Amino acid sequence: MCGIVGYIGNHDAVEPIIEGLQRLEYRGYDSAGISFKDNAGNLQILKKEGKLENLKNLIKEKKPTSSVGIGHTRWATHGKVSDINAHPHGNQSFAIVHNGIIENAFEIKEDLVKEGFKFSSETDTEVFLVLLTKIYNETKDIKKSIFETFKKVAGNSAVVILHKDENKLYAIKRSAPLVCGLKNGKEEKDFFVSSDPYALLGFVEEISFPEDEVLCVLNKDKNTLEFYEADGSKSTRFKSERKDTEHTIESKGEYEHFMLKEIFEQPVLLSKILDYYSSGEGKKLIERVKNKEFSHIHIIGCGTAWHAGLVLKNFMESRLSLKVSVELASEFRYREPLLKKDELAIFISQSGETADTIACAELCKENGLTLYSIVNVQGSTLYRMCDENFLIHAGQEIGVASTKAFTLQVVVGVILAEALKGNNPEQVLKTELLILTERINDILINNEKIQEVAQEVYNQDGFIFTGRNKYFPIALEGALKLKEIAYVHAEGYAAGELKHGPIALIDEKMVNIAIIGPELFEKTLSNAEEVKARRGIIVTVGPKGIEKLKHISDYYIELNFEGLSIFSSVYSNIVMQLLSYYIAREKGTDIDKPRNLAKSVTVE
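The numbering scheme is per chain: residues are counted from 1 as the chain's sequence reads. The model is predicted, so local features are restricted to residues of pLDDT at least 70 and side-chain atom pairs to those at 80 or more, both for listing and for counting; the totals for chains, interfaces and linings are taken over all residues. Heavy atoms throughout the structure, all of them, feed into the side-chain values; hydrogens and water do not.

Peer 1: Could you clarify how one ought to interpret helix 14 (residues 425-445) in this entry?
Peer 2: Because each turn of an α-helix spans 3.6 residues, side chains separated by three or four positions end up pointing in the same direction. Taking 1.5 Å of rise per residue, 21 residues should cover 30 Å, and helix 14 covers 29 Å from first to last C-alpha, within 8% of that figure. At any given residue, the bend is defined as the angle formed between two axes, one fitted to the seven residues that end at that position and one fitted to the seven that begin there. Where helices and strands are cited, they refer to DSSP runs of H or I of at least four residues and of E of at least two residues respectively, numbered from the N terminus. Taken as a whole, helix 14 carries its principal kink of about 35° at Thr431. Among all positions of helix 14, only Pro425, Leu429, Glu432, Leu433, Ile435, Leu436, Thr437, Arg439, Ile440, Ile443 and Leu444 are buried. Pairs of N or O atoms within 3.5 Å make up the polar contacts considered here, provided that, within protein, one atom can donate a hydrogen while the other can accept it, and that residues adjacent in sequence are counted only when both atoms are side-chain atoms. Capping the start of helix 14, Asn424 holds a side-chain oxygen 3.0 Å from the backbone nitrogen of Glu426, two or three residues further along. To estimate how far a helix should extend, the number of its residues minus one is multiplied by 1.5 Å. Per-residue accessibility, obtained with a 1.4 Å probe over protein chains only, is compared with the maximum for each type, and a residue is labelled buried under 20%, exposed over 50%, and partly exposed between these values.

Peer 1: For this particular structure, what's the right way to read the nonpolar core?
Peer 2: Among the buried residues, those of types Ala, Val, Leu, Ile, Met, Phe, Trp, Tyr and Cys that are joined through side-chain atoms within 4.5 Å form a nonpolar core. Ile297, Ile346, Phe390 and Phe463 are the most contacted members of the largest nonpolar core, which has 95 residues in total. Tallying contributions element by element places helix 13 (residues 404-421) first for this core, with 12 residues. Contacts are assigned to residue pairs with any non-hydrogen atoms lying within 4.5 Å of each other. Other than its neighbours up to four places away in sequence, Ile346 contacts Ile297, His298, Ile299, Ile300, Met316, Tyr372, Ile374 and Leu416. Grouped together as the second largest cluster of nonpolar side chains are 26 residues, Ile96, Ala105, Leu129 and Val159 included.

Peer 1: Can you walk me through empty space enclosed by the protein in this structure?
Peer 2: Any empty space left between atoms is shown by rolling a water-sized probe over those atoms. Using only the protein atoms, space was sampled on a 1 Å grid; points where a 1.4 Å probe fits but cannot get out form cavities, open sets with protein on both sides within 12 Å along at least five of seven lines form pockets, and lining residues are those with an atom within 4 Å of a point. Grid points are joined across faces, edges and corners, and a volume is the space filled by probe spheres set on the points. Within this structure, the stated rule accounts for 3 cavities of 30 Å³ or more. Here the largest cavity defines a volume of roughly 70 Å³. Looking at the largest cavity, the residues that line it are Cys2, Arg74, Trp75, Thr77, His78, His87, His98, Asn99, Gly100, Thr123, Asp124 and Thr125. Mapped by element, the contributors of at least two residues to the lining of the largest cavity are strand 6 (94-100) and helix 4 (124-139). It is strand 6 that contributes the most residues to the lining of the largest cavity, 3 residues altogether. Taken together, the residues that form the lining of the largest cavity break down as 2 nonpolar, 8 polar and 2 charged. Within this model, the second largest cavity holds a volume of roughly 50 Å³. Any residue outside Ala, Val, Leu, Ile, Met, Phe, Trp, Tyr, Cys, Pro, Asp, Glu, Lys and Arg is labelled polar, Gly included; the first ten of those are nonpolar and the last four are charged. Per-class residue counts for the lining of the second largest cavity are 6 nonpolar, 1 polar and 3 charged.

Peer 1: Is there a simple way to explain the sheet that holds strand 24 (residues 555-559) in this structure?
Peer 2: The strand order 21-20-22-23-24 describes an open sheet built from 5 strands, whose pairing is parallel. Looking at strand neighbours, the two that pair on one side only are strand 21 (490-494) and strand 24, the edges of this open sheet. Within this sheet the neighbouring strands show an average axis-to-axis angle of 15°, counted without direction. Note: two strands are recorded as paired if DSSP finds a minimum of 2 bridges between them. Sheet topology note: the strand 23 (residues 537-543)/strand 24 ladder contains 5 bridges and is parallel. If you follow Val541 over to strand 24, its bridge partner there is Ile557. In this analysis, axes come from line fits to C-alpha atoms, helices being fitted only over the stretch in contact, and the angle between any two N-to-C directions falls in the range 0 to 180 degrees. Most of the contacts of helix 15 (residues 448-457) go to strand 24, to which it runs at about 155°, and overall it touches strand 20 (462-467), strand 22 (510-515), strand 23 and strand 24.

Peer 1: What is the right way to look at the packing of helix 4 against helix 5 (residues 142-152) in this model?
Peer 2: Each pair of packed helices can be summarised by the angle the axes make with each other and by the distance between the axes. Between helix 4 and helix 5, whose axes approach to 9 Å, the crossing angle comes to 135°. Regarding the angle of helix 4 to helix 5, the classification is oblique. For the pair helix 4 and helix 5, the sense of crossing is right-handed. On helix 5, the residues that touch Phe128, Leu131, Leu132, Ile135, Tyr136 and Thr139 of helix 4 are Ile142, Ser145, Ile146, Glu148, Thr149, Phe150 and Lys152. Per-class residue counts for the contact of helix 4 with helix 5 are 8 nonpolar, 3 polar and 2 charged. Note on terminology: angles under 35 degrees are roughly parallel, angles over 145 are roughly antiparallel, angles of 65 to 115 are roughly perpendicular, and the others are oblique. In this scheme, a crossing is called left-handed if the near helix is turned counterclockwise away from the far one by less than a right angle; it is called right-handed if the turn is clockwise.

Peer 1: Looking at this structure, how should I read the sheet that holds strand 14 (residues 238-242)?
Peer 2: Hydrogen bonds between backbone atoms are what pair the strands of a sheet, whose relative direction is either parallel or antiparallel. Within the open sheet, the 8 strands sit side by side as 3-2-4-1-10-9-11-14. Their pairing is antiparallel. Unpaired on one side and paired on the other, strand 3 (43-49) and strand 14 mark the two borders of the sheet. Averaged over all adjacent pairs, the angle separating strand axes in this sheet is 15°, with direction ignored. Note that strand 1 (residues 3-8) and strand 10 (residues 189-194) share 4 bridges and pair antiparallel. The residue bridging Val5 from the neighbouring strand is Ser194, located in strand 10. Its contacts with the sheet put helix 1 (residues 14-23) on strand 1, strand 2 (31-37), strand 4 (68-74) and strand 10, and the angle it makes with strand 1 is roughly 160°.

Dropping the structure here:
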């Protein structure tokens, strides 16, 4: 969601801030801006609605220079998308950028308006700014004012603050991502702050991760990065680690979009993942969790990660003979779940910064559960919270719609399950993973049929994805992908549920993507027959060479399931990814940065 980058040091601030914001574009945003101190010591703000390019054009025109500044890409939560509502927000004393939601902003604003304070935007961020300014005018103490203001606002937030009269940046967070970084020079240091470590790679040598409600002070005059508690004492509640200073620029290469590139990366990633868990740190992790016993497993995630959890539930319950529940993170924490200390909670997140998932991890930690993560970003908030972390090693995923991360989440979850069973994952999974890799390669190389189907159906009224058992989560995931990037109405259903309501939608303009595996073949086929009888358009994704499927289908995408049992659902999902991609391409949408979406959902 919102991206934050700040810099203070002895060099130009504007260039690294814009470079950092550019790296965070993939997270999703609708406006961008920067604030800096000009040569006269006054705070200046430049911000524009729309793409970062609009801000860059304004910067070219204004040619700002400064050694201190803060930048922001906004994903709107309070107030429409506009120049006025874009960040930073500022006045004569302060400029601030903010990531998160202030849940009591309306009430605070009402009180401030009664006291005569004026507001120019619709944002909750300006409420923080005005409240901070009010308290500072009373106390004349910046650190104290920030702590008091932050204490008064409810919800999860990260705020970075620049004051007119100081060569410092202040930053504080509550259940929102925030990191500080520094680079040592011969005589001076450069200091950075961001909502994402990725924005700082290549700029810093060391990154620090503050805990909640620790005030970070980046001080140019003293050449220090310091951390404080609310009582004014120095804080030790942060972790620092060295970082590789090199930054690899991600390129689409020969591909039209990052999403297509990431779909095509999957065979190579799959060929390497088992090697990681068969040697070195990966093998040590497997040995640590082998034969661990739990009375119950909770799998928790959002969106695509939740779908991966549904796939894993089917496998884990069968493999471990253990009750497994899969929970939407946004619902789990609010239903007062019954939690016991002998249970395991597995959290699935690509970024490791998903706000709802992190909140659930906090709840499970408070109740004494064992916490494991299946995560892509080492060092993320979720990674640091959990007892053990199963990295999916998918590399950076630029496309907002997740593809390779889903595949690796499922595969790594299966590796985890085999370890809990006491097995050596390499021995029991190697053969099938090799087959899976080859079969996915076959789909990718020979995808002309999928492209042809997309060209034929992309203009239809709606899409219903159906599957049974292990293919039901794939129906949900396929529908989500199509919604995300093609902006069409798509729903995923358990095939057996069609007659319980959704079949009312079927007509000659409705497409049924029927995902049919070797398992429960006849029953799933009969559900497709019901759609055909009502003149629905049938796109079948199923076993190759089946006359019944040829007869019933308007379009038949044939798959070779031979040798695949554990990963057959992952195999069929590759078709869903490509079909969604090619439909979106036909419709001409912004595939890598779909409207209204964010890559990392850091607000509840």
